[in-house]
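Architecture and fold: a report
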Amino acid sequence: MEWIVALLIGGTISSVAWFISRNREQLDRFARQHGMTCCRTSGDAVLNGPWRGRHIHLFTERRHVDGESKTCTRARTAIRFGLPPGVMIFASKDRDDLSSGDAGRLVKLGDERLDEGLCVLGDDPEALRRLFSHPPFAQAVLALVTSPGAARIVAPGFELCLPRWTEDATAVAGLLDQTTSAVDALEATLRWRPGDEPAPTP
């Protein structure tokens, strides 16, 4: 009986190792095909390079939440204009991640729906309130940041994540597509600048 158990365990370990190796080979090939670099830090893949006209950075993030270790795969690209420096925007459900220093930069926007759904941090509250007074921008940010993709903005960067570790090339391509599409849509709303009157309708 013991040799059967050992055989089953050995077979499971071999299968997992093969699956991980196959995914790594696929991701390395995917990076080369798209002109991206792929390196590994502590075994995790880090991708850098062009995707749909943008430079994108993909990495693994590990956090401890309520004593539990959680891993996600994040894609980051730049929002090229329109955001004041030092701005951070993320979902209110992640408010516990705020450091004591950041808590003092929390901005109330004066809109109940936005203040309930978002944590907005910045050094110029009035500039941020003017920015969020433009409905297309406010609606786009609220939809993205409160979506299951756990988007967040750390100016000038925009990040979207898969709530798991992955090196599957198909999943990575999907995440990169979603990230660039989201930033394209967000930048389209930022072509209006705070202070422009009247604010255009979409």
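Quick look at the structure, then. Please read these numbers as outputs of a predicted model, since none were measured by experiment.

This part covers the overall build of the chain. Per the secondary structure count, the chain includes 6 helices and 8 strands. Secondary structure elements in the chain, listed N-terminal to C-terminal, are α-β-β-β-β-β-α-α-β-α-α-β-β-α. For the chain, with 202 residues in total, the buried portion stands at 41%. Taking the contacts inside the chain whose residues are at least 6 apart along the sequence as the reference set, 56% of them involve residues at least 24 apart. Summed over its atoms, the accessible surface of the chain is roughly 11300 Å², and 56% of this surface lies on carbon and sulfur atoms.

The next subject is the packing of helix α5 (residues 135-145) against helix α6 (residues 169-189). Where α5 meets α6, the axes come as close as 8 Å, and the angle between the chain directions of the two elements is 160°. Here α6 runs roughly antiparallel to α5, going by the angle between their axes. As for the relative orientation of α5 and α6, their crossing is left-handed in sense. Counted together, Pro-136, Phe-137, Ala-140, Val-141 and Leu-144 of α5 and Ala-182, Leu-186 and Thr-189 of α6 form the full contact between these two elements.

Attention now goes to the nonpolar core. Most often, soluble globular proteins keep nonpolar side chains buried together rather than apart. Formed by 45 residues in total, the largest nonpolar core has its most connected members in Phe-30, Phe-132 and Phe-158. The element that contributes the greatest number of residues to this core is α6, accounting for 8 residues. Beyond its immediate stretch of four places on either side in the chain, Phe-132 contacts Ile-89, Leu-109, Leu-114, Leu-118, Val-120, Phe-137, Ala-138 and Val-141.

What counts and what doesn't
Residues numbered from 1 in each chain as written. Predicted model: local features only at pLDDT ≥ 70, side-chain atom pairs only at ≥ 80, totals over all residues. Heavy atoms only, no water. Helix = DSSP H or I, 4+ residues; strand = E, 2+ residues; numbered from the N terminus. Buried < 20%, exposed > 50% of the residue type's maximum accessible area, 1.4 Å probe, protein only. Contact = heavy atoms within 4.5 Å. Areas by Shrake-Rupley, 256 points an atom, 1.4 Å probe, with all protein chains shown as cover. Axes fitted to C-alpha atoms, helices over the stretch in contact; angles between N-to-C directions. Parallel < 35°, antiparallel > 145°, perpendicular 65-115°, else oblique. Left-handed = near helix turned anticlockwise from the far one by under 90°. Core = buried A, V, L, I, M, F, W, Y, C linked by side-chain atoms within 4.5 Å.

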